[in-house]
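What follows is each chain in one-letter form.
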Amino acid sequence: DAGVTQSPTHLIKTRGQQVTLRCSPKSGHDTVSWYQQALGQGPQFIFQYYEEEERQRGNFPDRFSGHQFPNYSSELNVNALLLGDSALYLCASSQGLAGGSKQYFGPGTRLTVT
Amino acid sequence: SQQGEEDPQALSIQEGENATMNCSYKTSINNLQWYRQNSGRGLVHLILIRSNEREKHSGRLRVTLDTSKKSSSLLITASRAADTASYFCATVPEAGGYNKLIFGAGTRLAVHP
């Protein structure tokens, strides 16, 4: 049973460019959440997708957008990259939206913006 | 913004010793979870404790929750070098939080052989 997978593992982009990160949830999970983790910090919630809709959003600008596909996989898009967007981007999947659902995290995508 | 704050920020101990990490949070919660992260990679779920629970055990891990003080602690007994990692507490808000996790800044634990 495959866990949460993310691609790519590492990515280097230049300021102003756009990037797309991908996540496949654990088998049987239908909810995907995205987190940004800056170096030395805890993860910060970006947004959450369920039934192909954004259900919740953290304090991130509109440059951050996402999508969930019918097979529950998800993409995170970041436009007009800034140096401050350099971070580890983590995807987590769970079953449903209930607050007690255990979340499973992928290995992350490390984005470097130069 | 981050809700939880871990204490201490860093902890260095010898193998076989116990490690205690504390977490404080600000708002009412549905549950509190502890995660481990090795070398800046993915997070591994350790334990979930619900707001109506006071203590939970899992192997060498013991978690307590005091909702009146809005705090939790994670105890790792008989630590091993393999326990070296960053540990994060994360809360799920009581109201409207669905399954959104709010993390603290973490405690970096180093266990020396």
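Residues numbered from 1 in each chain as written. Chains lettered and ligands numbered in written order. Predicted model: local features only at pLDDT ≥ 70, side-chain atom pairs only at ≥ 80, totals over all residues. Heavy atoms only, no water.

## Observations concerning the pattern of salt bridges
Heads up, the condition is: Throughout this description, the term salt bridge denotes a Lys or Arg side-chain nitrogen within 4 Å of a carboxyl oxygen of Asp or Glu. Where helices and strands are cited, they refer to DSSP runs of H or I of at least four residues and of E of at least two residues respectively, numbered from the N terminus. Relative accessibility under 20% of the residue-type maximum defines a buried residue, over 50% an exposed one, and the middle range a partly exposed one, all with a 1.4 Å probe and only protein chains included.
Across all of its chains, the model carries seven salt bridges over all chains by this definition. As a salt-bridge pair, A:Arg22 and A:Glu75 come within 3.4 Å of each other at their nearest N and O atoms. You can see A:Arg22 sitting in strand S3 (residues 19–24) and its partner A:Glu75 sitting in strand S8 (residues 74–78), a full 53 residues away along the chain. Since its relative accessible area comes to 17%, A:Glu75 is described here as buried. Residue B:Lys56 is joined to B:Glu53 by a salt bridge in which the shortest nitrogen-to-oxygen separation is 4.0 Å. The class of B:Lys56 is partly exposed, set by a relative accessible area of 28%. Taking the relative accessible area as the measure of exposure, B:Glu53 reaches 22% and is therefore partly exposed.

## Some details on the state of the cysteines
All names here are of chain B. Quick note on the threshold: We call a pair of cysteine sulfur atoms a disulfide when they lie within 2.5 Å.
Evaluation of the coordinates by the stated rule reveals two disulfides over all chains. What pairs with Cys 23 in a disulfide is Cys 89, and their sulfur atoms sit 1.9 Å apart. Residues Cys 23 and Cys 89 are joined through a disulfide that is right-handed, its torsion about the S-S bond being 65 degrees. Taken together, the residues Cys 23 in strand S3 (residues 19–24) and Cys 89 in strand S9 (residues 85–93) connect sequence positions 66 residues apart. Of the two residues examined, Cys 23 and Cys 89, each falls in the buried class.

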